[in-house]
Amino acid sequence: MAVTLIAGGRHQRRTGRSIVNPDRPVRVGDVLLPEGPPRKSKRVAGRIYLFLGWFLVLGGVINLVNGIRAARS
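All of the points below concern the structure found in this document. (Residues numbered from 1 in each chain as written. Predicted model: local features only at pLDDT ≥ 70, side-chain atom pairs only at ≥ 80, totals over all residues. Heavy atoms only, no water.)

## Description of the packing of helix α1 (residues 2-15) against helix α2 (residues 40-72)
For the pair α1 and α2, the least separation of the axes is 7 Å and the interaxial angle reads 155°. By the angle between their directions, the pair α1 and α2 is classed as roughly antiparallel. Here the hand of the crossing between α1 and α2 comes out left-handed. On the side of α1, the interface is formed by A2, L5, I6, G9, R10, Q12, R13, R14 and T15, while α2 contributes K42, R43, A45, G46, R47, Y49, L50, L52, G53, W54, L56 and V57. Within the contact of α1 with α2, the residues separate by chemical class into 10 nonpolar, five polar and six charged. (Axes fitted to C-alpha atoms, helices over the stretch in contact; angles between N-to-C directions. Helix = DSSP H or I, 4+ residues; strand = E, 2+ residues; numbered from the N terminus. Parallel < 35°, antiparallel > 145°, perpendicular 65-115°, else oblique. Left-handed = near helix turned anticlockwise from the far one by under 90°. Contact = heavy atoms within 4.5 Å. Nonpolar A, V, L, I, M, F, W, Y, C, P; charged D, E, K, R; others polar.)

## Section: α1
Given a rise of 1.5 Å per residue, 14 residues ought to cover 20 Å, and the 20 Å separating the end C-alpha atoms of α1 matches this to within 8%. Taken together, the buried residues of α1 touch α2. Remark: G16 follows α1 within two positions and exhibits a positive phi of approximately 80°. (Expected span 1.5 Å × (residues − 1).)

## Topic: a nonpolar patch on the surface
A surface patch of nonpolar side chains, about 840 Å² in accessible area, is lined by M1, V44, I48, Y49, F51, L52, F55 and L56. Inspection of the secondary structure assignment puts M1 in the segment before α1. Overall, the relative accessible area of 71% leaves M1 in the exposed class. (Patch = residues over 30% accessible without salt bridge, like charges linked within 9 Å, V, L, I, M, F, W, Y side chains within 5 Å. Areas by Shrake-Rupley, 256 points an atom, 1.4 Å probe, with all protein chains shown as cover. Salt bridge = Lys/Arg side-chain N within 4 Å of Asp/Glu carboxyl O. Buried < 20%, exposed > 50% of the residue type's maximum accessible area, 1.4 Å probe, protein only.)

## Remarks on the side chain of Q12
If you trace the backbone, Q12 turns up in helix α1. Leave out the neighbours within four places in its chain, and Q12 touches R17, S18, K42, R43, A45, G46 and Y49.

## Section: the packing of aromatic side chains
Applying the stated rule across the entire model yields one aromatic pair. Seen from their ring centres, F51 and F55 are 6.3 Å apart, and the 25° between their planes marks the pair as stacked. Highlighted residues: F51 and F55, both in helix α2, separated by four residues, approximately one helical turn. With relative accessibility at 57%, the residue F51 sits in the exposed group. F55 sits in the exposed class, given a relative accessible area of 53%. (Phe/Tyr/Trp six-rings, centres within 6.5 Å; stacked < 30°, edge-to-face > 60°.)

As structure tokens, this is what we get:
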């Protein structure tokens with residue numbers, strides 16, 4: 001889950017576009033409608049996903065260190 005959050009957050013922060021709904025150009029008949037400009041809120045959401053992903057990684061590392069310490073003693 002942490003890897004997914006980090007990868008998705010990095011993509012969304014860099015491009016301003018979500019992985020789930022990337023706002024690609026849409027073809028209606030013979031006309032190609034352009035995509036809208038990226039919004040700042042998408043980049044902020046990307047930063048939040050990054051924070052949550054790294055928070056989960058940090059929790060896993062702390063649990064791993066505590067497990068190793070408990071096994072050694």
